[in-house]
Amino acid sequence: MSISNYTGHHDFIKETLRLEGAIILGYKECGDGFLVQIKMERKPQCCPECGCEITHVHDHRERIIQAGTINGKPVWIQIDRRRLRCASCGKRFYEDVPFLKRYQRITVPVQDDES
Ligand SMILES: [Zn+2]
C-alpha cells in the first residue's frame, strides 16, 4: 500500500481531525479505515524544569492513537513525536501535542517515561 501525497486530502484530514500544528506526511488504508502519518511543526519549546529554550532533539517516539472516524471509517493517527532534552539541566520531555489529549492512546509500543 502506498502513501498518498495528494495534498488536498491532507488539508481535509487535518481540518476534520483538528490536528492543530501538525504536518500530514501521508495516509494509507489500514484494515477498514485509514492510518494518517503526521509530525508536529517545529516550534520553540521551553524546558518545563528550568525554562531554557530547547534546541536539542533527543530522539523520536512513534505512537498510534485512535482518532474517531472520517466518512464512517475509523482513523488512526501515527505520530512521530519528538523527545527533547534540555542542554542546561538535562530534563527530558516530549514536545507538546495539543490534540493528543483528545484522543485515547491505543498502543504504546515502547517504554514510556513521560510523566
Ligand atoms: Zn532545563
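Residues numbered from 1 in each chain as written. Predicted model: local features only at pLDDT ≥ 70, side-chain atom pairs only at ≥ 80, totals over all residues.

Novice: Would you take a moment to explain the overall build of the protein for this structure?
Specialist: Counting its regular elements, the protein contains one helix and eight strands. Start at the N end of the protein and walk to the C end: the helices and strands fall as α-β-β-β-β-β-β-β-β. Looking at the protein as a whole, 17% of its 115 residues are labelled buried. Long-range pairs, those at least 24 residues apart, make up 54% of the contacts in the protein with a sequence separation of at least 6. (Helix = DSSP H or I, 4+ residues; strand = E, 2+ residues; numbered from the N terminus. Buried ≥ 20, exposed ≤ 12 C-beta atoms within 10 Å, placed from the backbone. Contact = placed C-beta atoms within 7 Å.)

Novice: What's the story with the nonpolar core in this structure? I'm lost.
Specialist: Burial of nonpolar side chains together is a common tendency in soluble globular proteins. Of all hydrophobic cores here, the largest spans 16 residues; its most connected members are Val36, Ile38, Val75 and Ile77. Of all the secondary-structure elements, those providing two or more residues to this core are α1 (7–17), β1 (22–30), β2 (33–40) and β6 (73–85). (Core = buried A, V, L, I, M, F, W, Y, C linked by C-beta atoms within 7 Å.)

Novice: What's the story with the pairing of strand β5 (residues 57–70) in this structure? I'm lost.
Specialist: A regular strand places its side chains on the two faces of the sheet in alternate fashion. Strand direction decides the pairing type here: β5 and β6, joined by eleven bridges, are antiparallel. Bridge pairing links threonine 69 to proline 74 in β6. Here β5 folds back onto β6 in antiparallel fashion, the turn holding two residues, of which asparagine 71 has a positive phi close to 50°. (Pairing = 2+ DSSP bridges.)

Novice: Explain the pairing of β2 here, please?
Specialist: Across eight bridges, the pairing between β1 and β2 is antiparallel. Following the sheet pairing, glycine 26 is matched in β2 by glutamine 37. Taken together, β1 and the strand that follows it, β2, pair antiparallel across an intervening segment of two residues, in which glycine 31 is found at a positive phi of about 60°. Judged from the six bridges that link them, β2 and β6 form a sheet pairing that is parallel. Following the sheet pairing, isoleucine 38 is matched in β6 by isoleucine 79.

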